[in-house]
Amino acid sequence: QCISLNSGTNSAFGFEKANNYTWCVCVILIFSVSVALGVTNQRETTIVWDKETGKPLYNAIVWLDLRTQTTVKSLIEKTPGKNKNHLKHKTGLPISTYFSALKLRWLMDNVGEVAEAVDARRAIFGTVDSWLIWCLTGGQNGGVHCTDVTNASRTMLFNIDTMKWDEELCKYFDVPIEILPQVRSSSEIYGYMSSGSLAGVPISGCLGDQSAALVGQMCFKDGQAKNTYGTGCFMLKNTGTKPVMSDHGLLTTVAYKLGRDQPTYYALEGSVAIAGAVVRWLKDNLGIIKSSSDIENLAAAAGTSYGCYFVPAFSGLVSNKVLKSVVTSKYSQPLDNWQIQ
């Protein structure tokens, strides 16, 4: 069973329309395997809602949203040496617009209703998995407020060594720890469907989308990797039961934890924020093509790029050091001599 949440008709989920386009926060697949349900979701997309009314306090802020750039800059300014990797030893992540803590901080600073609800202890935070599980298990009438380790590891509030919310990280971002969901493994019973034809069916699986792809491709051994292409492009490599830090711009993240008493597996991740989305940009913004399928014919007709490469860094070069090593190894010229547009 597949449920696609249409942003134009589900305002209760915090979705919005803008500029005559329907922007979808996520497409959630809920798989029914006769006896249980599992949830996979866009990581990082941030929702804050009122636990008493059950209503979102603002539209969800999606993973690609760049409105937090000023917040990122101010937070980096207060780190020793103005280092964006100041928290990487705990989180595996750089301070970036990408991650949920920055979006949550922006909401608390810029949306009065959110700030008031946080002060009144009515607000709770979650990524889309948390929101769905809370709603499906009863919402304001006893809904379960939880997330799994893979989604938690993308917030910048989660310590990937202790596998817990980190008080120092919460203090750094000035986020009350009590508004955060309980962190669970990726495979256990979180709660039960509260209504509908599936009432009573347990919800027993939860993975962020890229971790779900890693598991779906059966990359359970150290060294196995998957690469997926969608709005963005994401390479995840299983690094086993110990987190590995990269010196080349890769992210360190939690891959999965398949049971309460099972070990945590980690991954190195190369993130390309814009991949398939650039095809829409070519069609809707530049008008170069009339349909997405036209791009393949154009590429085939070109034959060669003649040494010209287009890097769609619309939201920054997440793994810029990786790009540098690729360009340098291919052309034997330092990246400093290249103009990247």
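Our structure is the block above this text.
All of the points below concern the structure found in this document. Every value quoted in this text rests on a predicted model; they were computed, and no experiment measured them. (Residues numbered from 1 in each chain as written. Predicted model: local features only at pLDDT ≥ 70, side-chain atom pairs only at ≥ 80, totals over all residues. Heavy atoms only, no water.)

Re empty space enclosed by the protein
Inference 1: As enumerated under the stated definition, the model contains one cavity of 30 Å³ or more in all.
Inference 2: In this structure, the largest cavity encloses a volume near 30 Å³.
Inference 3: Lining the largest cavity we find F125, G126, T127, S130, T147, N151, A152, T155, W165 and P181.
Inference 4: Contributions of two or more residues to the lining of the largest cavity are made by strand 6 (123-127) and helix 6 (149-152).
Inference 5: A total of three residues in the lining of the largest cavity trace back to one element, the largest contributor, which is strand 6.
Inference 6: When its residues are assigned to classes, the lining of the largest cavity shows four nonpolar, six polar and no charged. (1 Å grid on protein atoms, 1.4 Å probe; cavity = no way out; pocket = protein on both sides within 12 Å on 5 of 7 lines; lining within 4 Å. Points joined across faces, edges and corners; volume = space filled by probe spheres on them. Helix = DSSP H or I, 4+ residues; strand = E, 2+ residues; numbered from the N terminus. Nonpolar A, V, L, I, M, F, W, Y, C, P; charged D, E, K, R; others polar.)

Overview of the packing of aromatic side chains
Inference 1: Summed over all chains, the structure comprises 11 aromatic pairs.
Inference 2: With a centroid separation of 5.0 Å and 85° between ring planes, the pair formed by Y172 and F173 is classed as edge-to-face.
Inference 3: Judged by its relative accessible area of 14%, Y172 falls in the buried class.
Inference 4: Ring pairs connect the aromatic residues W63, Y98, F99 and F234, which therefore count as one cluster.
Inference 5: The ring of F234 has R43 lying over it, and the distance from NZ or CZ to the ring centre is 5.8 Å.
Inference 6: In this structure, K78 packs its charged tip against the face of Y172, placed 4.6 Å from the ring centre. (Phe/Tyr/Trp six-rings, centres within 6.5 Å; stacked < 30°, edge-to-face > 60°. Buried < 20%, exposed > 50% of the residue type's maximum accessible area, 1.4 Å probe, protein only. Lys NZ or Arg CZ within 6 Å of the ring centre and 35° of its normal.)

Quick word on a nonpolar patch on the surface
Inference 1: Taken together, the side chains of L286, I288 and L298 define a hydrophobic patch exposed on the protein surface, amounting to about 280 Å² of accessible area.
Inference 2: Along the chain, I288 falls in the loop between helix 9 (277-285) and helix 10 (294-302). (Patch = residues over 30% accessible without salt bridge, like charges linked within 9 Å, V, L, I, M, F, W, Y side chains within 5 Å. Areas by Shrake-Rupley, 256 points an atom, 1.4 Å probe, with all protein chains shown as cover. Salt bridge = Lys/Arg side-chain N within 4 Å of Asp/Glu carboxyl O.)

Observations concerning helix 5 (residues 128-136)
Inference 1: Where burial is concerned, most of helix 5 is hidden: seven out of the nine residues are buried.
Inference 2: Listed as buried for helix 5 are V128, D129, S130, W131, L132, I133 and W134.
Inference 3: Looking at the residues trailing helix 5, positive phi occurs at G138, about 130°.

Here's the deal with the pattern of salt bridges
Inference 1: Per the counting criterion, the structure on display carries 16 salt bridges.
Inference 2: Salt bridges sharing partners connect three or more residues here, namely R43, E44, R154, D209 and E269.

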